[in-house]
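Each chain, letter by letter, is given below.
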Amino acid sequence: EMVGDLAGCYGECRAVDRGRGSQVESMASRGDSVSYRLLSCAVKCADLVPKILFCCLGYTFHKRALCFQGEPVDESSVKKMILTFEKRSYKNQELRIKFPDTPGRFMETELDLNDIIQEMHVIATMPDLYHLLVELNAVHSLLGLLSHENTDILSFKDVVDLLQELTDIDTLQESEEGAEVLIDSLLEGQVVALLVQNMERLDEQVKEEADGVYNTLAIIENMAEFRPGLCTEAAQQGLMQWLLKRIKAKIPFDANKLYCSEILAILLQNNDSTRELLGELDGIDVLLQQLSVFKRHNPATAEEQEMMENLFDALCSCLMLAANRDRFLRGEGLQLMNLMLREKKMSRTSALKVLDHGMIGPEGSDDCHKFVDILGLRTIFPLFMKTPKKMRKAGTVDKEHEEHVCSIIASCLRNLKAQQRTRLLSKFTENDCEKVDRLMELHFKYLEAVQLADKRIEGEKHVRVLPLPPLRYQHPVWDLLSCLSLKMPFPAVSCAPSTSFVQLAAVSGSVFISPLSFRCYFLG
């Protein structure tokens, strides 16, 4: 019975001896359905049929193990492999041109080309030999196959998988010299434009093609991580437009949509060119439309929550460009963020961060005035007085919440004028100046933290050979205190026995908060 099971399995894997990697891969992909009995038999007889064991276990690196049995993989064998690939690629192209309406005449050449591409995966284990791919024109040929007519056999099942392994970030870091040569050659061949063109013609309803899109995005991520400077070029070659189109597509949430949001956030990091391009493509509206879903509903899964955070990060990055703040204002982004703060969902923390990015600096003046007009002060000051418990349960650190809230109020104090400024200052006089008390409470809290850090650094100076510079961290609470360094008239109030110093100073006229000593002075 054991011999019969193994014989049946070996019959399906007969192509291994002939080097037909496609059938081996097909068997390996069905490894989940292999019965435990058959797997046990294969383990017992592993010394007789080791190739069957690879298939039963679904061993993902079987291609490398079967490439050169008994033959060492060195520079000469890699050259031979690349030359064989070039010959088969040229022969397949020639027969396709000669017999375009007779697939049977060139099908065998496509199978042979598929086999050699499978064997070339072994090159991904030797990044120091990447220069051979460039010198022997293999990179150009691989990029040419991305536009191959037969997408089932070549374009995304083999070539993209090979490129993904070649550009794996861990592999690239093993040999920076070889990695630089490979990346330069890929960019010279406009690899991103070719990958985007192929993703546009794929149907993600088909699992194999959806996997092809995922692997393509992995190639782009690997290259962007190794060389961040290529993000601008990649975005201009159609990637930015495709990402926005894919994110706003009305299809169920999947891994590809999550990956797209991650790539979009990467492209926008520290890059004004990509931020400007996204704004010109109406990307601000796309981001706001996608985030509006989480206004009244929490993400259903951890993956969907990660996508939401990626979109918020992308929006924050875009708002660092002044032109995008106008688009954000016209797209009613302030209203959406204000509603998220009121709805008390998981999106509240990220909405605070977006408001902070949109209102900071002189460029945020219009946003600050609009925020007051839409009654945003009623929303932000309760958050200033106390961190909501739901935020703590969601994993938000108190200091992160306090930082964003103080920064928003400080931006309003700097940018508001006339009636809006008066409305803001009057908030600090409500309920016996409780907001000023809260501000001083935050000041002493973070002043103590800085003093402890200074003591720790001072102690480390005696241990280290080189002296460390003193820590200087400007927390937004001190920024807010600086903004309040002005003469503020307060109405007369009756003093209770428990009246604080700040409240007592307000009775006779006004309060002055010094940005230097952080103390409240009574002005008679």
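Rules used throughout
Residues numbered from 1 in each chain as written. Predicted model: local features only at pLDDT ≥ 70, side-chain atom pairs only at ≥ 80, totals over all residues. Heavy atoms only, no water. Helix = DSSP H or I, 4+ residues; strand = E, 2+ residues; numbered from the N terminus. Buried < 20%, exposed > 50% of the residue type's maximum accessible area, 1.4 Å probe, protein only. Areas by Shrake-Rupley, 256 points an atom, 1.4 Å probe, with all protein chains shown as cover. Phe/Tyr/Trp six-rings, centres within 6.5 Å; stacked < 30°, edge-to-face > 60°. Lys NZ or Arg CZ within 6 Å of the ring centre and 35° of its normal. Core = buried A, V, L, I, M, F, W, Y, C linked by side-chain atoms within 4.5 Å. Contact = heavy atoms within 4.5 Å. Patch = residues over 30% accessible without salt bridge, like charges linked within 9 Å, V, L, I, M, F, W, Y side chains within 5 Å. Salt bridge = Lys/Arg side-chain N within 4 Å of Asp/Glu carboxyl O. Lys, Arg positive; Asp, Glu negative; His and termini not counted. Charge placed at Lys NZ, Arg CZ, Asp CG, Glu CD. Expected span 1.5 Å × (residues − 1).

Asks: What am I meant to see in the overall build of the protein here?
Replies: Across its full length, the protein holds 30 helices and three strands. Within the span of the protein, comprising 524 residues, buried residues form 49% of the whole. As presented, the protein carries roughly 26,300 Å² of accessible surface, and 52% of it is formed by carbon and sulfur atoms.

Asks: Before we go on, may I ask you to explain the packing of aromatic side chains in this structure?
Replies: Scanning the entire structure with this criterion turns up three aromatic pairs. Residues tyrosine 214 and tyrosine 259 carry aromatic rings whose centres are separated by 4.7 Å and whose planes lie at 50° to one another, so their mutual orientation is tilted. Of the two residues, tyrosine 214 is situated in helix α14 (residues 207–226) and tyrosine 259 in helix α16 (residues 255–267); the sequence distance between them amounts to 45 residues. On the basis of an interplanar angle of 85° and a centroid distance of 6.1 Å, the ring pair of phenylalanine 381 and phenylalanine 384 is categorised as edge-to-face. One end of the pair, phenylalanine 381, and the other, phenylalanine 384, are both in helix α24 (residues 377–385), three residues apart, so they sit about a helical turn from each other. The two residues phenylalanine 381 and phenylalanine 384 agree in class, both being buried. The cationic tip of arginine 105 hangs over the ring face of phenylalanine 99; the distance from NZ or CZ to the ring centre is 4.0 Å.

Asks: Before we go on, may I ask you to explain the nonpolar core in this structure?
Replies: A general trend in soluble globular proteins is that nonpolar side chains are found buried together. Among the nonpolar cores identified, the biggest contains 120 residues, and Ile123, Leu264, Leu315, Met337 and Ile409 are the most heavily contacted of them. Broken down by element, the residue count for this core peaks at nine residues, all from helix α15 (residues 231–247). Residues contacting isoleucine 409, with those up to four places away along its chain left out, are Ile380, Phe381, Phe384, Leu424, Phe428 and Leu480.

Asks: Would you mind going over the environment of serine 411 with me for this structure?
Replies: On the secondary structure map, serine 411 appears in helix α26 (residues 398–415). Between the C-alpha atoms of serine 411 and glycine 361, which are 50 residues apart in sequence, the distance is 6.8 Å. Sequence-distant contacts of serine 411, that is, excluding residues within four places in its chain, are made with Met359, Ile360 and Cys368.

Asks: Mind showing me how you'd approach a negative patch on the surface here?
Replies: Among the surface-exposed residues, Asp128, Asp170, Glu174 and Glu225 lie close enough to one another that they form a single negatively charged patch. Relative to the helices and strands, glutamate 225 is located in helix α14.

Asks: Sorry, what's going on with helix α19 (residues 302–318) here?
Replies: Helical periodicity: at 3.6 residues per turn, an α-helix aligns residues three or four positions apart in one direction. Between the first and last C-alpha of α19 there are 24 Å, a value that for 17 residues agrees with the 24 Å anticipated at 1.5 Å per step. All buried positions along α19 are accounted for by Glu304, Met307, Met308, Asn310, Leu311, Phe312, Ala314, Leu315, Cys316, Ser317 and Cys318.

Asks: Honestly, helix α12 (residues 176–188) in this entry has me stumped. Any pointers?
Replies: End to end, α12 covers 18 Å across 13 residues, agreeing with the expected 18 Å (1.5 Å per residue, within 8%). For α12, the set of buried residues is Gly178, Ala179, Leu182, Ile183, Ser185, Leu186 and Leu187. Directly beyond the C-terminal end of α12, a positive phi value near 55° is found at glutamine 190.

Asks: Can you help me understand the pattern of salt bridges in this one?
Replies: Oppositely charged side chains may form a pair once their charged atoms are brought near each other. Applying the stated criterion across every chain, the model contains 16 salt bridges. Note that glutamate 75 and lysine 79 form a salt bridge whose closest N and O atoms lie 3.8 Å from each other. Of the two residues, glutamate 75 and lysine 79 both sit in helix α6 (residues 75–98), four residues apart, roughly one turn of that helix. In this structure glutamate 75 comes out as partly exposed when scored by relative accessible area, which is 37%. The partner of arginine 275 in a salt bridge is aspartate 272, with the nearest N and O atoms 2.9 Å apart. Pair noted here: arginine 275 and aspartate 272 are both in helix α17 (residues 272–280), with a separation of three residues, about one helical turn. The exposure class assigned to arginine 275 is buried, which follows from its relative accessible area of 5%. Three or more residues are tied together by salt bridges with common partners; here these are Glu402, Arg438, Glu441 and Lys445.

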